[in-house]
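Here is how the chains run, residue by residue.
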Amino acid sequence: MNDYNKKQNEIFENLFVLELANNHWGSLERGLKIIRDHATVIRYNNVKAAIKLQFRDVDEFVHQDFKGNQSIRYIKKTEDTKLTRDDFAKMVAEIRKLSAIPMATPFDERSVDLCVEFGMPIIKIASSDLNDWPLIEKIASKKLPVIASSGGASEKNLDDLVTFFEKRNIPLAINHCVSLYPSEDDDLEINQIDYLKQRYPNHIIGFSTHEYRSWDASMFISYAKGARCWERHIDIDHEGISVSPYCSLPEHVDTWFKAYHKAREMCGGSSTSRRVCSKKEVEYLDALVRGVYARRALPAGYTFSSETFERDFYLAIPLQKGQLSCREVMNGERLTTDLVSDSPLTIQDIDGPYAENPALRKLIEGRGA
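For clarity, every value in this text was computed on a predicted model and none was experimentally measured. Along each chain, the written sequence defines residue order, and numbers are assigned to residues from 1. Side-chain atom pairs in this predicted model are given and counted only at pLDDT of 80 or more, local residue features only at pLDDT of at least 70, and totals for whole chains, interfaces and linings cover all residues. Values reported for side chains reflect all heavy atoms of the structure, with hydrogen atoms and water molecules removed beforehand.

A. How the structure looks around the overall build of the protein. Put simply, DSSP marks the helices as runs of H or I at least four residues long and the strands as runs of E at least two long, and each gets a number from the N terminus on. When helices and strands are tallied, the protein shows 15 helices and 11 strands. C-alpha atoms define the radius of gyration, and 2.2 Å times the number of residues to the power 0.38 defines the globule rule. The C-alpha radius of gyration of the protein comes to 31 Å, more than 25% above the 21 Å expected for a compact globule of 369 residues. The principal-axis extents of the C-alpha atoms in the protein amount to approximately 105 × 45 × 40 Å. Counting across all 369 residues of the protein, residues that qualify as buried make up 48%. In what follows, a contact means two residues having at least one pair of non-hydrogen atoms within 4.5 Å. When contacts within the protein are restricted to residue pairs at least 6 apart in sequence, long-range pairs at least 24 apart make up 68% of them. What sets the accessible areas is the Shrake-Rupley method with a 1.4 Å probe; for residues, cover comes only from the shown protein chains. With the model as given, the accessible surface of the protein reaches about 18600 Å², and the carbon-plus-sulfur share is 51%. As used throughout, the charge tally considers Lys and Arg to be positive and Asp and Glu to be negative, leaving His and the chain termini uncounted. The location of each charge is read from NZ of Lys, CZ of Arg, CG of Asp or CD of Glu. Here the protein carries 49 positive and 55 negative side-chain charges, and the mean point of each set is 3 Å from the other. Three labels apply to residues, based on accessible area from a 1.4 Å probe with only protein chains included: buried if under 20% of the type maximum, exposed if over 50%, partly exposed otherwise in between.

Structure below.
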């Protein structure tokens, strides 16, 4: 990934998306409580997180001949959870007030305009809309960063979407997603993160998940595989309203965030360059290194040679302060003092580069027991 792609992807890097969806059930007060309860967990865990709403122009989204139809679940839920523009404005303001990022999934073209009106920094494309090209073109016209969920999409669907946004130079993150609500552990297909990273190396790959038996295992695995944004549905257990099993309560989200911090701690830094070993680790390993000891008495002026080293010296632990070790190749240096049998060979006992180079000398003098 080049520097330009990295800059484009910064907005998605280590981003959590908390999907409020329709769990407000048409109540502004319930929506605000969900936001406040989860924002508390966000602040406590010090993570970058968005709270995401869903926008539908309900009056046009549902065909007039089917308005009020209670037998079609999607229509019933859409109408039962309708909020006004002012209600959404208050929820967006509360998200910002609590230092979270406001986001939305628009399900129609007018809702895309509402995202812009509310100043959403990121727009989400749902799995169900991954080849809804009138909607996608409307979203792209706003030139805002986009996260797309891949649930149910074919490889060609994904290739077409990625090509479309790349040609328009619009930042795009792709979430691996299995559109089963809820998902069992054996539904998760987390290896798809590897596939998406290999196929779309210039994009952040995320994980949108609906499992309900664990709130940490998939985080450990997905982070280690390279996912760098995550999404879950959120809700609260309040006033006896049923919570869907695929939704996460604040205590579940807290576990999720803590698993993220633990995964980062365990995975460490760069995956593309050699790590820098800590001083503590170097000191630990130095304690296991064999030091050079005289096998017999040797006079000052003795010249070191690889051919005679095993005859005149042996290697053993512990390595003592200032002692030469098995790591130092000695050939041509001379003893500056007499050595007695079984005494350590130290930096003070020889001439040559180890003794004469201040940095090397300081390194050797500072290591060992």
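B. Local environment of the nonpolar core. Judged by nonpolar contacts, the single largest core of 65 residues is most densely connected at F16, F55, M91, F165, W230 and F257. By residue number, the principal contributor to this core is helix α2 (residues 28–45), which donates 7 residues. Each nonpolar core is a collection of buried residues, namely Ala, Val, Leu, Ile, Met, Phe, Trp, Tyr and Cys, held together in the definition by side-chain atoms within 4.5 Å. Grouped together as the second largest cluster of nonpolar side chains are 17 residues, F304, L345, I347 and I364 included.

C. Here's a closer look at a nonpolar patch on the surface. On the surface, F66, I72 and Y74 cluster together into a nonpolar patch covering about 270 Å² of accessible area. Look at F66 and you get partly exposed, because its relative accessible area is 39%. Note that patches include only residues with greater than 30% relative accessible area and no salt bridge, and the join distances are 9 Å for like charges and 5 Å for nonpolar side chains (Val, Leu, Ile, Met, Phe, Trp, Tyr). Any carboxyl oxygen of Asp or Glu that lies within 4 Å of a side-chain nitrogen of Lys or Arg is treated as forming a salt bridge with it.

D. Region of the structure containing helix α5 (residues 85–97). An expected span of 1.5 Å times one less than the residue number is assigned to each helix. For α5, spanning 13 residues, the distance from its first C-alpha to its last is 18 Å, which sits close to the expected 18 Å at 1.5 Å a residue. Looking only at α5, the buried set comprises D87, F88, M91, V92, E94 and I95. Buried residues of α5, viewed axially, fall in a sector of 160 degrees; they line one side. The secondary structure elements touched by the buried residues of α5 are β1 (15–21), α2, β2 (48–55) and β3 (101–106). S99 lies just past α5 and shows a positive phi near 65 degrees. By construction, the arc corresponds to the directions joining the helix axis to the C-beta atoms.

E. Inspection of the packing of aromatic side chains at higher detail. Think of it this way: a Phe, Tyr or Trp ring, Trp meaning its six-membered ring, pairs with another when their centres are within 6.5 Å, and the plane angle makes it stacked under 30 degrees, edge-to-face over 60, tilted otherwise. Scanning the entire structure with this criterion turns up 18 aromatic pairs. With 5.6 Å between their ring centres and 65 degrees between their planes, W230 and Y260 make a pair best called edge-to-face. Separated by 30 residues along the polypeptide, W230 in strand β8 (residues 229–234) and Y260 in helix α11 (residues 250–267) bring together distant segments of the chain. For the pair W230 and Y260, one class covers both residues: buried. Aromatic side chains Y302 and F304 sit 5.4 Å apart centroid to centroid with 85 degrees between the ring planes, which places their arrangement in the edge-to-face category. Through pairs of rings, three or more aromatic residues link up here, namely F16, Y223, W230, W256, F257 and Y260. Distance and angle both matter: a charge sits over a ring if NZ of Lys or CZ of Arg is within 6 Å of the ring centre and within 35 degrees of the ring normal. A cation over a ring is seen here: R56 above F107, with NZ or CZ 4.0 Å from the ring centre. The positively charged end of R228 is found above the aromatic ring belonging to Y223, 3.7 Å away from the centroid.

F. Representation of the side chain of R228 within the structure. Mapping R228 onto the fold places it in the loop between α10 (217–225) and β8. Of the buried charged residues, R228 lacks a salt bridge, with E13 as the closest side chain of opposite charge at 4.0 Å. The contacts of R228, once residues within four sequence positions are left out, are F12, E13, N14, L15, I204, I205, G206 and Y223.

G. Layout of unusual backbone geometry. Along the chain, Y181 connects to P182 via a cis peptide bond; the corresponding omega equals 0 degrees. Along the chain, P182 turns up in the loop between β6 (172–177) and α9 (192–199). Cis geometry marks the peptide bond from I317 to P318; its omega dihedral reads 5 degrees. In this structure, P318 sits in the loop between β11 (313–316) and α14 (353–356). Positive phi, normally seen in glycine, also occurs at N14, with a value near 55 degrees. Of note, N14 is situated in the loop between α1 (3–9) and β1. For K143, which is not glycine, the phi dihedral falls at a positive 60 degrees. Relative to the helices and strands, K143 is located in the loop between α7 (133–140) and β5 (146–149). Residue class for K143 comes out exposed when judged on its relative accessible area of 52%.

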